[in-house]
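Reading the structure
Spelled out from the first residue to the last, the chains are:
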Amino acid sequence: MKSEIIRVRTGARDTVADITGECAEFARSASGGGDGLLHVFVPHATAGIAVLETGAGSDADLLSALAALLPADDRWQHAHGTRGHGRSHVMPAFIPPYATIPVIGGRLALGTWQSITLVDVNVDNPDRQVRLSFLAG
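Quick look at the structure, then. (Residues numbered from 1 in each chain as written. Predicted model: local features only at pLDDT ≥ 70, side-chain atom pairs only at ≥ 80, totals over all residues. Heavy atoms only, no water.)

Here we take up a nonpolar patch on the surface. Residues Met1, Leu37 and Leu135 make up a contiguous nonpolar surface patch of about 340 Å² in total accessible area. In this structure, Leu135 sits in strand β8 (residues 127-136). (Patch = residues over 30% accessible without salt bridge, like charges linked within 9 Å, V, L, I, M, F, W, Y side chains within 5 Å. Areas by Shrake-Rupley, 256 points an atom, 1.4 Å probe, with all protein chains shown as cover. Salt bridge = Lys/Arg side-chain N within 4 Å of Asp/Glu carboxyl O. Helix = DSSP H or I, 4+ residues; strand = E, 2+ residues; numbered from the N terminus.)

The terminal C-alpha atoms of helix α2 (residues 58-69) lie 16 Å apart, and with 12 residues this matches the ideal 16 Å at 1.5 Å per residue to within 8%. Turning to α2, its buried residues number three or more, namely Leu62, Leu63 and Leu66. Projected down its long axis, α2 shows its buried positions confined to an angular sector of 95°, all on one face. Residues of α2 that are exposed and point more than 90 degrees away from the buried face comprise Asp61 and Ala68. In the core, the buried residues of α2 are packed alongside β2 (15-18), β4 (47-52), α3 (86-90) and β7 (115-120). (Expected span 1.5 Å × (residues − 1). Buried < 20%, exposed > 50% of the residue type's maximum accessible area, 1.4 Å probe, protein only. Arc of directions from axis to C-beta. Contact = heavy atoms within 4.5 Å.)

Attention shifts here to the sheet that holds strand β1 (residues 2-9). Here we have five strands laid out as an open sheet, ordered β1-β8-β3-β5-β6, and antiparallel in their pairing. Strands at the two margins of the open sheet, each flanked by one partner only, are β1 and β6 (107-108). Two strands pair when backbone bridges link them, and β1 and β8 are joined in this way by eight bridges, in the antiparallel orientation. Looking at β8, one finds that Arg9 is bridged to Asp127. Contacting β1, β3 (36-41), β5 (98-104), β6 and β8, helix α1 (residues 20-31) runs over the sheet at an angle of about 35° to β8. (Pairing = 2+ DSSP bridges. Axes fitted to C-alpha atoms, helices over the stretch in contact; angles between N-to-C directions.)

Now for the environment of Val8. For Val8, the position within the fold is in strand β1. In this structure, Val8 is in contact with Ala17, Ile19, Leu118, Pro126, Asp127, Arg128 and Val130, ignoring residues within four places of it in sequence.

It is worth spelling out the pairing of β7 at this point. A large share of β7 lies buried, amounting to six of its six residues. Every second residue of β7 is oriented toward a common face, with Ser115, Thr117 and Val119 on one face and Ile116, Leu118 and Asp120 on the other, all of them buried. Here four bridges tie β2 to β7, and the two strands are oriented antiparallel to one another. Its bridge partner being in β7, Val16 is matched across the sheet by Val119. Sheet analysis places β4 next to β7, joined by six bridges and oriented antiparallel. From the neighbouring strand, Val51 faces β7, where its bridge partner is Ile116.

Structure below.
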């Protein structure tokens, strides 16, 4: 298995960060043009990995849905940090901290409109790590 960590700065607002390019480059290099699986994992209790369409409004729609489902208010028992921080710790139950993507001939086997994204609603921690791991087939 080959593995590396990429760093993603998500900033001070809810973010859907497209990391497809970094994932594709790692898969190409780690696979040597072969087949296998790319596993993408974010080792944070307040972020997730989603495979979805970006750039056509779906990323904004996802953030709107999360804001409606998990509002940044004072209802959360986990209450340290900024207002509503507890929602950040619940979010990974809805958007898991991992995804696994097939790699065929060194290329990600994503659908036409699919992108790999880091979803982060924790404005208290703008610097994230994402572990990319390739397992050869």
